[in-house]
There are 2 protein chains.
Amino acid sequence: MKKLYIVGIGPGAENMMTMEARCVLEAADVICGYTVYVDLIKKQYPDKEFFTTPMRRELERCRMALTSANDDKTTAMVCSGDAGIYGMAGPILEMQEQFPEVDVEIVPGITAAISGAAILGAPLMNDFCVISLSDQLTPWDVIERRLRAAAAGDFAICLYNPMSRKRPDHLAQAARILLEQMNPLTVCGWVRNIGREDTEKKLLTLEELMEEKVDMFTTVFIGNSHTRNLFGRMVTGRGYEI
Amino acid sequence: MKKLYIVGIGPGAENMMTMEARCVLEAADVICGYTVYVDLIKKQYPDKEFFTTPMRRELERCRMALTSANDDKTTAMVCSGDAGIYGMAGPILEMQEQFPEVDVEIVPGITAAISGAAILGAPLMNDFCVISLSDQLTPWDVIERRLRAAAAGDFAICLYNPMSRKRPDHLAQAARILLEQMNPLTVCGWVRNIGREDTEKKLLTLEELMEEKVDMFTTVFIGNSHTRNLFGRMVTGRGYEI
């Protein structure tokens, strides 16, 4: 069978991959992915064929992976974090119609919302939203609408792609929109370089977040009305009477 | 050091655990958890001590785990899915003040939103919400408010605890609330017994979801306005032009 696996490899540290993901990579003939991620794992698999494309060449990468599987090579497309959350599972399934003989299987991984939360404490202990602040594929007015809805619902919020060189003020804009409805002292936090040796983290208030400078390797967490800073950990109460 | 790990063991299948989680369980003296989950892994660790409590005895379980770590036994508290999403990370961190010598570390795992999405296709490819329909700890009017907010934001939605014997109509009520704002033909899906041999899944519309009977082992996914049923897979478009 012509087989393509889309594999979430987690935040980067090899031991944060599932055993299933590692088995799939070991069994694959070809590993495809974004150049930076593939470089991270290349050394461990000296006998594989590698296909990579740089940033923003996602569709080319997907076509490459489907073509490789169609050529009877067992192929694994790697995604950082999870394959289905802002990953390559969506576009590959949309493109699969053109490769009807290829069987696509998705292997889940630890996304930054989960790995970052574990570093900060337990910010997502109750209902939460995940929102990307990148307006490359989603119009900014849709993102604004989602931020307002998240605040209206008193969700804990996890923000992906909070800032980049091209979008230096997105995080400040997002914080300003949330402040229309939320308490300025709401507990927030960020984590940078999750799953690497130089992981950094910080707790701060929503008001302070407006002035905060972060980068594209950072994941931001915004508490709900029941989130507290407990001895440096960000913890969203679920309603237990402790 | 007195050490307590809170470990997300994923949906159940052993190979969906991270390698980090397995290493922590192997190194622990004591494994704590909900009786049903601990029974799943007991056989693999014949030389451990086990502390379990049944359903709804979460706080007792947390205190047991902290006490065990405080008695200088390296302790692992296991949670199904992820430790920080409706898991034990929150209440343990809230209780930690009473055990100041215990160092708590959270080991993330694959939550049902991620593992279930991988089975259905790619329903969470863009911004999404996770909402539990259990009103045991969150009042139902807060849950209703969050459902309305999620619909207003055109989020993809993942529902945990959609139904139980005590709450047989929660899923129908939730669907009715979403239908106030959403298209009745919105693509939805559910997955039952994720990570087990008898996994079941189904795609249906939001209108059909209102009549659907599921159980507490089921995770429900509701698409946004860009979600399609592509040859039996539930796929939320992210905006790529395929």
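Residues numbered from 1 in each chain as written. Chains lettered and ligands numbered in written order. Predicted model: local features only at pLDDT ≥ 70, side-chain atom pairs only at ≥ 80, totals over all residues. Heavy atoms only, no water.

Chemist: Sorry if this is basic, but what is going on with the interface of chain A and chain B here?
Modeler: Quoted interface sizes are often the accessible area lost when the parts come together. Taken residue by residue, the interface counts 67 residues in chain A and 67 residues in chain B. Summed over both sides, the interface of chain A with chain B buries roughly 6,400 Å², with 63% coming from carbon and sulfur. Taken together, chain A and chain B are joined by 6 salt bridges. With a closest N to O distance of 3.9 Å, Asp154 of chain B and Arg146 of chain A form a salt bridge. (Contact = heavy atoms within 4.5 Å. Buried area = accessible area lost by both parts, 1.4 Å probe. Salt bridge = Lys/Arg side-chain N within 4 Å of Asp/Glu carboxyl O.)

Chemist: Would you take a moment to explain the relation of the copies chain A and chain B for this structure?
Modeler: Mapping one chain copy onto the other needs a rotation about an axis and a shift along that axis. Aligned on chain B, chain A shows an RMSD of 0.0 Å; the corresponding rotation is 180 degrees and the shift along the axis is 0.0 Å. The operation mapping one copy onto its partner corresponds to a two-fold rotation axis. Taken as a fraction of all interface residues of chain A, those also at the interface in chain B reach 100%, which identifies the copy contact as same-surface. (Least-squares fit on C-alpha atoms with pLDDT ≥ 70 in both.)

Chemist: How should I be thinking about helix H3 (residues 58–70) of chain A in this particular structure?
Modeler: Three or four residues apart is the spacing at which side chains of an α-helix point the same way, because the helix has 3.6 residues per turn. Residue and element names in this part refer to chain A. With 13 residues, H3 extends 18 Å from end C-alpha to end C-alpha; this agrees with the ideal 18 Å at 1.5 Å per step. Within the sequence span of H3, burial applies to Glu58, Arg61, Cys62, Ala65, Leu66, Ser68 and Ala69. Around the axis of H3, the buried residues are gathered within 160 degrees of arc, so they sit on the same side. Within two residues after H3, Asp72 carries a phi angle of roughly 70 degrees, on the positive side. (Helix = DSSP H or I, 4+ residues; strand = E, 2+ residues; numbered from the N terminus. Expected span 1.5 Å × (residues − 1). Buried < 20%, exposed > 50% of the residue type's maximum accessible area, 1.4 Å probe, protein only. Arc of directions from axis to C-beta.)

Chemist: Mind showing me how you'd approach the pattern of salt bridges here?
Modeler: Under the definition given, this model contains 32 salt bridges over all chains. In this structure, Arg22 of chain A engages Glu14 of chain A in a salt bridge whose closest nitrogen and oxygen atoms are separated by 3.3 Å. Given a relative accessible area of 29%, Arg22 of chain A falls into the partly exposed group. Among the ionic pairs, Asp127 of chain A bridges to Arg146 of chain B, the shortest N-O distance being 2.9 Å. With Asp127 of chain A in the loop between strand E6 (121–122) and strand E7 (128–132) and Arg146 of chain B in helix H6 (residues 140–152), this residue pair bridges two chains. Across the pair, Arg146 of chain B and Asp127 of chain A agree in class, each one buried. A network of salt bridges, in which partner residues are shared, links Lys3, Asp103 and Glu105 of chain A.

Chemist: Explanation requested: unusual backbone geometry in the structure shown.
Modeler: For residues other than glycine, phi is negative in most cases, and the peptide bonds are mostly trans. A positive phi is found at Asp72 of chain A, a non-glycine position, where the angle reads about 70 degrees. Mapped onto the elements of the fold, Asp72 of chain A is located in the loop between H3 and strand E4 (75–79). A relative accessible area of 56% means that Asp72 of chain A is categorised as exposed. Despite not being glycine, Tyr86 of chain B has its phi angle at roughly 55 degrees, a positive value. Inspection of the secondary structure puts Tyr86 of chain B in the loop between strand E4 (75–79) and helix H4 (89–95).

Chemist: Teacher, can you tell me more about the state of the cysteines here?
Modeler: Linking two cysteines covalently via their sulfur atoms produces the bond known as a disulfide. Applying the stated rule across the entire model yields 0 disulfides over all chains. Looking at Cys158 of chain A, it has no disulfide partner, and the nearest cysteine sulfur is the one in Cys129 of chain A, 10 Å off. The structure places no disulfide on Cys188 of chain B, whose sulfur is separated from the nearest cysteine sulfur, that of Cys158 of chain B, by 12 Å. (Disulfide = S-S within 2.5 Å.)

Chemist: Help me understand the environment of Asp135 of chain B in this model?
Modeler: Residues and elements named next belong to chain B. Within the secondary structure layout, Asp135 lies in the loop between strand E7 (128–132) and H6. Taking relative accessible area as the criterion, Asp135 reaches 32% and is therefore assigned partly exposed. Separated by 62 residues in the primary sequence, Asp135 and Lys73 place their C-alpha atoms 35 Å from one another. Beyond its immediate stretch of four places on either side in the chain, Asp135 contacts Trp140, Ile143, Arg167 and His170.

Chemist: I keep staring at the sheet that holds strand E12 (residues 227–230) of chain B and nothing clicks. Help me out?
Modeler: Strands belonging to one sheet form pairs held by backbone hydrogen bonds; the direction of such a pair is parallel or antiparallel. All names here are of chain B. In space, the 3 strands of this open sheet follow the order E6-E13-E12, with mixed pairing throughout. On the outer flanks of this sheet lie strand E6 (121–122) and E12, each paired with one strand and no other. Inspection of the sheet shows E6 paired to strand E13 (residues 233–236) by 2 bridges, in the parallel sense. When the sheet's bridge partners are listed, Ala122 is paired in E13 with Val235. (Pairing = 2+ DSSP bridges.)

Chemist: Help me understand the packing of aromatic side chains in this model?
Modeler: Following the criterion strictly, the structure yields 4 aromatic pairs over all chains and no others. A ring pair is formed by Tyr86 of chain B and Tyr160 of chain B, whose centres lie 5.2 Å apart and whose planes are at 50 degrees; its orientation type is tilted. A residue pair is termed long-range when its members are at least 10 positions apart, and Tyr86 of chain B in the loop between E4 and H4 and Tyr160 of chain B in strand E8 (residues 156–160) qualify at 74 residues. The positively charged end of Arg146 of chain A is found above the aromatic ring belonging to Phe155 of chain B, 5.9 Å away from the centroid. (Phe/Tyr/Trp six-rings, centres within 6.5 Å; stacked < 30°, edge-to-face > 60°. Lys NZ or Arg CZ within 6 Å of the ring centre and 35° of its normal.)

These figures capture arrangement, not role.
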